[in-house]
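# Results of the structural survey
Listed below are the residues making up each chain.
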Amino acid sequence: MGKSAGIEPLTRTAWVAVRMSAVVAATELAKTYGETVALDSASLTVDRGEVFALIGPNGAGKTTLVRALTGTTDPDSGSARVLDEPPAAVDRDRLGVLPQAFSPPDRLTARELLTYYAGLYEETRDPAAVLADVGLVDAADTWYEDLSGGQQRRVCVGATLVNDPDVLFLDEPTTGIDPAGRRTVWRLIEALADAGTTVVLTTHDMAEAERLADRVGLLSNGELVARGTPAELIDEHGGTSRLEIETDAPSDAFADLPFAVEHPTRGRQRDHQGVVVRDISPAEIGTVVDALETNDIEYSGLAWAEPDLEDVYLTLADSAERERTGRGGGSDANTNTDADAHADEPIDDEREDAPRTGETA
Ligand SMILES: Nc1ncnc2c1ncn2[C@@H]1O[C@H](COP(=O)(O)OP(=O)(O)OP(=O)(O)O)[C@@H](O)[C@H]1O
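Here goes a summary of the coordinates provided.

Thresholds, definitions, all that
Residues numbered from 1 in each chain as written. Predicted model: local features only at pLDDT ≥ 70, side-chain atom pairs only at ≥ 80, totals over all residues. Heavy atoms only, no water. Phe/Tyr/Trp six-rings, centres within 6.5 Å; stacked < 30°, edge-to-face > 60°. Helix = DSSP H or I, 4+ residues; strand = E, 2+ residues; numbered from the N terminus. Buried < 20%, exposed > 50% of the residue type's maximum accessible area, 1.4 Å probe, protein only. Near = heavy atom within 4 Å. Polar contact = N/O pair within 3.5 Å; in protein donor to acceptor, adjacent residues only side chain to side chain. Areas by Shrake-Rupley, 256 points an atom, 1.4 Å probe, with all protein chains shown as cover. Nonpolar A, V, L, I, M, F, W, Y, C, P; charged D, E, K, R; others polar. Pairing = 2+ DSSP bridges. Axes fitted to C-alpha atoms, helices over the stretch in contact; angles between N-to-C directions. Expected span 1.5 Å × (residues − 1). Contact = heavy atoms within 4.5 Å. Salt bridge = Lys/Arg side-chain N within 4 Å of Asp/Glu carboxyl O.

## Some points on the packing of aromatic side chains
Under the criterion given, the structure shown has two aromatic pairs. For the pair phenylalanine 102 and tyrosine 117, a centre-to-centre distance of 5.9 Å together with 45° between the ring planes defines the contact as tilted. A residue pair is termed long-range when its members are at least 10 positions apart, and phenylalanine 102 in the loop between β5 (95-98) and α3 (110-118) and tyrosine 117 in helix α3 qualify at 15 residues. Residue tyrosine 117 is classed as buried on the basis of its relative accessible area, which comes to 14%. An aromatic cluster is defined as three or more aromatic residues linked by ring pairs; in this entry it consists of Phe102, Tyr116 and Tyr117.

## Some remarks on the site of the ligand
Taken together, 14 residues sit near the ligand, with Gly59, Lys62, Thr63, Thr64 and His204 positioned nearest. Within the side chain of lysine 62, one N or O atom sits 2.7 Å away from an oxygen atom of the ligand. Glutamine 100 is positioned with one of its side-chain polar atoms (N or O) 3.0 Å from an oxygen atom of the ligand. In the complex, the protein chains occlude 64% of the 630 Å² of accessible area that the ligand would expose alone. Counting only elements with at least two residues in the shell around the ligand, the list comes to β2 (36-47) and α2 (62-70). For the shell around the ligand, the element with the highest residue contribution is α2, accounting for three residues. By residue class, the composition of the shell around the ligand is four nonpolar, eight polar and two charged.

## Looking at the sheet that holds β5
Through backbone hydrogen bonds, the strands of a sheet pair up, either in parallel or in antiparallel fashion. The sheet built from six strands is open, its strands ordered β5-β6-β7-β3-β8-β9 with mixed pairing. Both edges of this open sheet fall to β5 and β9 (223-228), since each of them pairs with a single strand only. Across the sheet, the axes of successive neighbouring strands diverge by a mean angle of 15°, strand direction being ignored. By the bridge criterion, five bridges tie strand β6 (residues 167-171) to strand β7 (residues 198-202) in an arrangement that is parallel. Along β7, the bridge assignment pairs leucine 170 with leucine 201.

## Some points on the pairing of strand β3 (residues 51-55)
For β3, the tally of buried residues reaches five of five residues, placing the bulk of the element in the interior. Burial of β3 is two-sided: the residues Val51, Ala53 and Ile55 facing one way and the residues Phe52 and Leu54 facing the other way are all buried. Bridge count between β3 and β7: four bridges; the pairing is parallel. Following the sheet pairing, phenylalanine 52 is matched in β7 by valine 200. Here four bridges tie β3 to strand β8 (residues 215-220), and the two strands are oriented parallel to one another.

## Overview of the side chain of glutamate 50
Inspection of the secondary structure assignment puts glutamate 50 in the loop between β2 and β3. From its side chain, glutamate 50 meets the backbone nitrogen of aspartate 47 in a polar contact 2.8 Å long. Looking at glutamate 50, its side chain comes within polar contact range of the side chain of arginine 215, at 2.6 Å.

## Comments concerning helix α6 (residues 179-194)
For α6, with 16 residues, the first-to-last C-alpha span of 22 Å sits near the 22 Å given by 1.5 Å per residue. Within α6 the residues assigned to the buried category are Gly181, Thr184, Val185, Trp186, Leu188, Ile189, Leu192 and Ala193. Close packing links the buried residues of α6 with β3, α4 (127-133), α5 (149-159), β6, β7 and α7 (206-212). Two or three places before alanine 180, at the start of α6, stands the capping residue aspartate 178, its side-chain oxygen 3.2 Å from that residue's backbone nitrogen. Looking at the residues trailing α6, positive phi occurs at glycine 196, about 110°.

## Brief notes about the pattern of salt bridges
For the coordinates displayed, the defined rule picks out twelve salt bridges. Taking the shortest distance from any N to any O, the salt bridge between aspartate 205 and arginine 182 comes out at 3.4 Å. Within this pair, whereas aspartate 205 is found in the loop between β7 and α7, its partner arginine 182 is found in helix α6, the two being separated by 23 residues in sequence. As a salt-bridge pair, glutamate 262 and arginine 278 come within 2.9 Å of each other at their nearest N and O atoms. Of this pair, glutamate 262 sits in the loop between β10 (242-246) and β11 (274-278) while arginine 278 sits in strand β11, placing them 16 residues apart in sequence. Side by side, glutamate 262 and arginine 278 carry an identical accessibility label, which is buried. Residues joined in a network through salt bridges with shared partners are Arg242, Glu244 and Asp311.

If you want it as structure tokens, here you go:
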């Protein structure tokens, strides 16, 4: 299934038909561990061939949601369906599940491991082909324990593919994999989705989510606080394009400049140290440089940045955390509490859960 495109809105009847085609559905799932709320009324649907990425801070509930959807943990309330069955009842031949922590027997080679896992299913792919898919042909005869961490993770990804599953749950599939290997896995996931495999993955890599996901769900403190296509979320919560100025100059140094300067608050700050200018075009960068020099403001670098999914993440996760701790909403230009409008939306909100249709490209 391709990335979203502008599609005509559907009639109500058509929405219902779309929802009936959901391959994965969570309805108001809740789970607590003692005092810890791991999931709080989380609802989503994922359609055939769709890639849905769950993002969110450590402890947000991503793994718990995946576990509830794969039948490895029982929710306290709410329901989960995969391929129209409760997760525990789904034909395992049709499922591929990569847990966050997966420790296969380590005195087997990569090839032997995939052959071993293939032996657990009736119909399987050729393990040699799967090894090639995950870019491990050269390491095929190396013991698992002697593979690098990233190579081990690739074997684990391969192990989820030997049964050619219809639905794939990947909990942080590329953690520890080098950039080239990550792209190998990305291309693999894209090809699988194009061939109709439904994929739910979790990731801390926003570039991964932005590249792979048809839709993204952001979890915070167990709540799905936002869902949408990457483009939609960036449009709604990413803020505007900006000029980042690397500088150690104190705040008052900027007081007399002919443009507004933001001092990003902790939590929303990207890797640069300094200030941000918004609401200008790239053509106006020269004016900013002139003003910095006229006012004797030293800077070590300038960078033009377009909003991306990482901005969305930083804004929404920060905003949710402020709400949780009662510190109030953020004060800078990136604050956007529209995220709250998406929280707790039940699955029978047809507009939200119907994929891509009517969503912005
Ligand atoms: N078996 C468990 N027993 C007790 N607490 C748990 C258990 N599993 C998860 N939790 C708690 O539930 C919350 C959500 O955990 P979860 O693993 O789902 O988060 P996550 O979003 O996957 O985090 P990470 O990004 O670090 O993998 C955390 O506070 C965690 O400590």
